[in-house]
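# Coordinates in review
Each chain is listed here by its residues.
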Amino acid sequence: NEAFAQCEPQLLHCNAAIQGCDLSNNSPQYWNDLVWWDNSIQSHDLAETKIDLSLSVLDTCSGDPLAVRCLLFLDLDGDGLQETVVDSDNPPAAGQINFNNAFNPNYSGGTPRIFDQRPVPANLFWRFELRTDVSGDTVVYQLNWVNDAAPNIAEMPELAYGTHKVRWVITNAAGLAKTCEKIFLVKDCKAPTVVCINGLSVNVSPTQLITLWASDFLQYTEDNVTPAGQIKTGIRKSGTGTGFPVDGNENPITSVVYNCDELGTQSVELWAIDAAGNADFCETYVIVQDNLGYCSQSPLSQDFCAKTYCFNDGLEEVVFEINAVCSNGQINFFDLSDAHGCIDISPWLPSDCVKYTATPSFDGNPLINGVTLFDLLLIQKHIDGIEPFNNPYQWIAADINRDQIVDTFDIRDCRKLILGIWDSLPDSWRFVDKSFSFPDPNNPLATPFPESITVDISNPTIFSGNFAAVKICDVNCTAVTGFYDRIPETEHLIGIPAPNPTNEAAMLPLQLLGAERVYLEVLDFSGRLVSRSEMYLPEGPSLLEIPTSAMPHPGVYVWRVRAGEVVKSGKIVRY
């Protein structure tokens with residue numbers, strides 16, 4: 001025992017890390033079958049690389065054999081759990097591993113799965129085998145790939161990507177066992193190749209901007225593992241950041257915007273990133289020009305207006321929803337029209353936006369504002385062919401149920417409004433792009449008409465931004481805009497909140513004929529009550545505060561004030 005103790009084997013370099021950083025191209029001949037799946041690249045072909053699985057042992061007990069066992073634990077389904085074991089004492093058949101045997105007694109059983117898909121005879125399939133190389137007192141044990149046709153040839157095994165583990169168990173003649181265990185990661189370390197085109201020359205648009213996309217500068221990109229269609233690209237102006245360009249939501253930034261202050265040669269970085277997060281870039285340039293002289297003109301208007309189609313009256317407090325596509329992603333915000341029915345979105349819109357869409361909505365009271373029995377008579381005359389509509393907007397007003405047909409069902413629904421059976425509609429006004437030309441004047445409803453306006457900065461056209469506002473059921477244009485702001489002088493006066501839009505509190509003026517209990521409610525746009533308060537106010541002028549706590553998140557809210565028998569409501573936007 002003393003002799004064996006003096007020559008106890010020493011495990012050399014057990015703490016040395018195993019290098020699993022792959023820089024090679026993926027081979028389709030290994031780990032490529034329907035039973036395998038790499039979710040990161042959506043492929044049945046697992047990427048792999050050669051791994052050195054060896055251990056050096058200093059053995060000074062000459063002639064006393066060592067028992068060495070190598071256990072290779074593999075995570076082949078990418079779930080972080082090493083479910084498969086290759087045992088050097090009982091290796092799997094050639095070209096196979098025994099999947100999901102890690103929790104069986106002595107690592108037996110498992111499901112045979114093929115890893116070697118080369119079109120070669122069976123005796124050339126690789127199999128796992130422990131090989132020994134002796135040099136003096138040092139023995140190197142290595143788990144290799146070998147084949148039966150050429151037994152003298154041994155290769156390092158090519159292991160699929162994942163977090164794996166190797167365990168060595170060395171036992172000497174005295175029964176003393178030593179263990180060396182290492183966890184190692186096999187992963188892709190090669191950045192994709194990205195090749196730029198050699199420069200661009202562009203002109204600014206009528207908006208005094210020009211938007212360029214990553215694809216405008218890309219010649220090609222490729223990677224050793226990630227398919228070309230899954231390689232993401234990004235772009236930034238040179239020197240404005242580091243690493244792959246992303247926005248605040250970690251989405252790739254795919255465009256850059258230049259204005260009239262950036263005429264001349266501008267450098268850009270075109271980036272590519274693979275599924276493993278490896279990134280690289282190439283640098284190129286763009287020459288920004290103003291050959292058409294747009295920089296000396298006023299930029300493209302960013303105003304939108306909603307006016308009645310009958311008299312071109314502006315609608316106050318129309319809600320405009322703006323969706324914009326910008327270099328940092330998509331943004332969404334709301335704005336309220338002024339007394340003329342217009343908004344100017346330029347204070348809200350970032351300069352790097354390349355496309356924006358405006359969609360208006362307005363919920364004027366549908367029961368008493370312009371809807372009368374005379375409207376029903378006119379609709380009936382149209383249906384009977386006695387007095388057909390002569391304006392496409394009359395068709396839109398009469399089609400209350402939006403089935404693209406004007407019939408007696410529409411008369412029935414309008415009558416429900418007049419009789420008070422219905423006291424509201426989802427949308428009591430509709431808005432049509434005023435520049436739209438109805439292709440069939442005899443049936444304007446046969447073709448869908450645009451109820452929003454989109455402006456594409458990269459390809460601008462003549463843009464008015466005007467909407468024709470149509471009151472549902474009001475085919476003879478008797479709706480009075482702003483009717484509900486006209487309170488008789490013999491009653492309490494309730495104003496409208498300001499500022500609106502706001503990012504703080506808003507103040508609403510009151511003029512009370514006498515001391516009165518006043519109620520304030522704030523609802524979100526779905527109709528849910530957010531805040532309710534009441535107070536006793538004296539006769540005369542007062543200011544009622546709508547606090548920021550009543551509008552906890554950006555969006556559109558409905559305010560409602562009741563003073564005695566007088567009730568007034570409207571919309572307020574928190575940005």
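Given the structure is predicted, the values throughout are model-derived calculations rather than measurements. Note that residues are indexed from 1 along each chain, following the sequence as it is written. pLDDT decides what is reported in this predicted model: residues at 70 or higher carry local features, side-chain atom pairs at 80 or more are listed and counted, and totals for whole chains, interfaces and linings draw on all residues regardless. The side-chain numbers reported here are obtained from all heavy atoms of the structure, hydrogens and water having been left aside.

### Examining the overall build of the protein
In this description a helix means any DSSP run of H or I spanning at least four residues, a strand means any run of E spanning at least two, and both kinds are numbered starting from the N terminus. For the protein, the count of helices and strands is 5 helices and 37 strands. We compute the radius of gyration from the C-alpha atoms alone; for a globule the expected value is 2.2 Å times N to the 0.38, where N is the number of residues. In terms of C-alpha radius of gyration, the protein reaches 38 Å, well past the compact-globule figure of 25 Å for 575 residues. Across its three principal axes, the protein shows a C-alpha extent of roughly 115 × 60 × 50 Å. Any residue under 20% of the maximum accessible area for its type is buried, any over 50% is exposed, and the rest in between are partly exposed; the area is computed with a 1.4 Å probe on protein chains only. Relative to its full complement of 575 residues, the protein shows a buried share of 45%.

### As for the sheet that holds strand 24 (residues 319-326)
Note: two strands are recorded as paired if DSSP finds a minimum of 2 bridges between them. Taking strand neighbours across the sheet as the criterion, the 4 strands line up as 25-24-27-29 in an open arrangement whose pairing is antiparallel. Strands with a single pairing partner mark the edges of an open sheet, and in this sheet they are strand 25 (329-336) and strand 29 (453-456). Averaged over all adjacent pairs, the angle separating strand axes in this sheet is 15°, with direction ignored. All axes are obtained by fitting lines to C-alpha atoms, using only the stretch in contact for helices, and the reported angles, taken between N-to-C directions, cover 0 to 180 degrees.

### A few points about the state of the cysteines
For the purposes of this analysis, a disulfide is any pair of cysteine sulfur atoms at a distance within 2.5 Å. Tallying each qualifying case throughout the model produces 6 disulfides. Disulfide partner of Cys-260: Cys-295, at an S-S distance of 2.0 Å. Measuring the twist about the S-S bond at about -90°, one finds the Cys-260-Cys-295 disulfide to be left-handed. Here Cys-260, found in the loop between strand 20 (255-259) and strand 21 (264-273), pairs with Cys-295, found in the loop between strand 22 (279-289) and strand 23 (303-308); they are 35 residues apart in sequence, far enough to count as distant. For Cys-295, a relative accessible area of 25% corresponds to the partly exposed category.

### Here we look at the packing of aromatic side chains
Aromatic pairs are defined between Phe, Tyr and Trp rings, using the six-membered ring for Trp, whenever the two ring centres lie within 6.5 Å; interplanar angles under 30 degrees are classed as stacked, those over 60 as edge-to-face, and all others as tilted. Applying the stated criterion across every chain yields a total of 18 aromatic pairs. Centroid distance Trp-271 to Phe-281: 4.6 Å. Interplanar angle 25°. Geometry classified as stacked. One end of the pair, Trp-271, is in strand 21; the other, Phe-281, is in strand 22, with 10 residues separating them in the sequence. What makes Trp-271 buried here is its relative accessible area of 8%. Taken together, a centroid distance of 6.2 Å and an interplanar angle of 75° make the contact between Phe-389 and Trp-395 edge-to-face. What makes Phe-389 buried here is its relative accessible area of 11%. Taken together through their ring pairs, the aromatic side chains of Tyr-30, Trp-31, Trp-36, Phe-99, Phe-115, Trp-126, Phe-128 and Trp-145 make up a single cluster. Taking NZ or CZ as reference, Lys-165 lies 4.6 Å from the ring centre of Phe-73, over its face. We count a charge as sitting over a ring when the NZ of a lysine or the CZ of an arginine lies within 6 Å of the ring centre and within 35 degrees of the ring normal.

### Remarks on the side chain of Thr-284
In this structure, Thr-284 sits in strand 22. Any pair of residues with heavy atoms lying within 4.5 Å of one another is described as a contacting pair. Residues contacting Thr-284, with those up to four places away along its chain left out, are Cys-196, Ile-197, Asn-198, Gly-199, Phe-217, Gln-266, Ser-267 and Val-268.

### Some points on the pattern of salt bridges
Here, a salt bridge means any side-chain nitrogen of Lys or Arg that lies within 4 Å of a carboxyl oxygen of Asp or Glu. For the structure on display, the rule yields 18 salt bridges. Notably, a salt bridge pairs Asp-413 with Arg-412, separated by 3.1 Å at the nearest N-O pair. Accessibility expressed as a relative area gives 4% for Asp-413, which makes it buried. Taken together, the shared-partner salt bridges connect Arg-517, Glu-521, Arg-532, Glu-534 and Arg-560 into one network.

### Quick notes on the pairing of strand 15 (residues 193-196)
Alternating residues of strand 15 divide into Val-194 and Cys-196, all buried, and Thr-193 and Val-195, none buried. With 4 bridges joining them, strand 15 and strand 18 (residues 218-222) adopt antiparallel strand pairing. Bridge pairing in strand 18 links Val-194 to Thr-221.

### Re the packing of helix 3 (residues 373-384) against helix 5 (residues 408-419)
What describes two packed helices is the angle between their axes and the distance between those same axes. Between helix 3 and helix 5, whose axes approach to 10 Å, the crossing angle comes to 180°. As the angle between them shows, helix 3 and helix 5 are arranged roughly antiparallel. Only Thr-408, Ile-411, Cys-414, Arg-415 and Ile-418 of helix 5 make contact with helix 3, whose side of the interface consists of Leu-373, Leu-376, Ile-379, Gln-380 and Ile-383. Under the scheme applied here, ten amino acids are nonpolar (Ala, Val, Leu, Ile, Met, Phe, Trp, Tyr, Cys and Pro), four are charged (Asp, Glu, Lys and Arg), and all others, including Gly, are polar. Taken together, the residues of the contact of helix 3 with helix 5 break down into 7 nonpolar, 2 polar and 1 charged. An angle counts as roughly parallel when it lies under 35 degrees, as roughly antiparallel when it exceeds 145, as roughly perpendicular when it falls between 65 and 115, and as oblique in every other case.

### Describing the sheet that holds strand 34 (residues 529-537)
The sheet built from 4 strands is open, its strands ordered 34-33-36-37 with antiparallel pairing. At either margin of the open sheet sits one strand with a lone partner, and together these are strand 34 and strand 37 (566-574). The mean inter-strand angle of the sheet, taken between neighbouring strand axes irrespective of direction, is 15°. Here strand 33 (residues 516-524) pairs with strand 36 (residues 555-563) via 7 bridges, running antiparallel. Of the residues in strand 36, the one forming a bridge with Leu-523 is Val-558.

### Digging into the nonpolar core
Working definition of a nonpolar core: buried Ala, Val, Leu, Ile, Met, Phe, Trp, Tyr and Cys residues. They are joined through side-chain atoms within 4.5 Å. Within the largest apolar cluster, 39 residues are counted, with the highest numbers of intra-cluster contacts made by Trp-31, Leu-53, Leu-72, Ile-97, Phe-128, Trp-168 and Phe-184. Of all elements in the fold, only strand 4 (54-58), strand 5 (67-74), strand 7 (96-99), strand 10 (138-146), strand 12 (158-160), strand 13 (162-171) and strand 14 (177-188) reach the threshold of two or more residues within this core. Within the second largest apolar cluster, 26 residues are counted, among which are Leu-417, Leu-445, Phe-449 and Val-475.

### Thoughts on the environment of Lys-381
Positionally, Lys-381 belongs in helix 3. Excluding anything up to four places from it in sequence, Lys-381 contacts Ile-386 and Glu-387.

### Some thoughts on the confidence of the model for the protein
As a per-residue measure, pLDDT reflects the predictor's confidence and takes values from 0 up to 100. Summary statistics for the protein give a mean pLDDT of 87 and a share of 90% for residues scoring 70 or more. Confidence drops under pLDDT 50 across residues 482-486; counting only partners more than four residues distant or on other chains, this segment forms 10 contacts.

### Let's talk about the side chain of Thr-49
Positionally, Thr-49 belongs in strand 3 (residues 48-50). A residue is classified by how much of its surface remains accessible, and Thr-49, at 11% relative accessible area, is buried. Nitrogen and oxygen atoms within 3.5 Å of one another constitute a polar contact, given that in protein one can donate a hydrogen and the other can accept it, and given that sequence-neighbouring residues count only through two side-chain atoms. A polar side-chain atom of Thr-49 sits 3.1 Å from a polar atom in the side chain of Asp-22.

### What to know about the environment of Leu-537
Relative to the helices and strands, Leu-537 is located in strand 34. When the C-alpha atoms of Leu-537 and Gly-78 are compared, they prove to be 68 Å apart, with 459 residues separating the residues in sequence.

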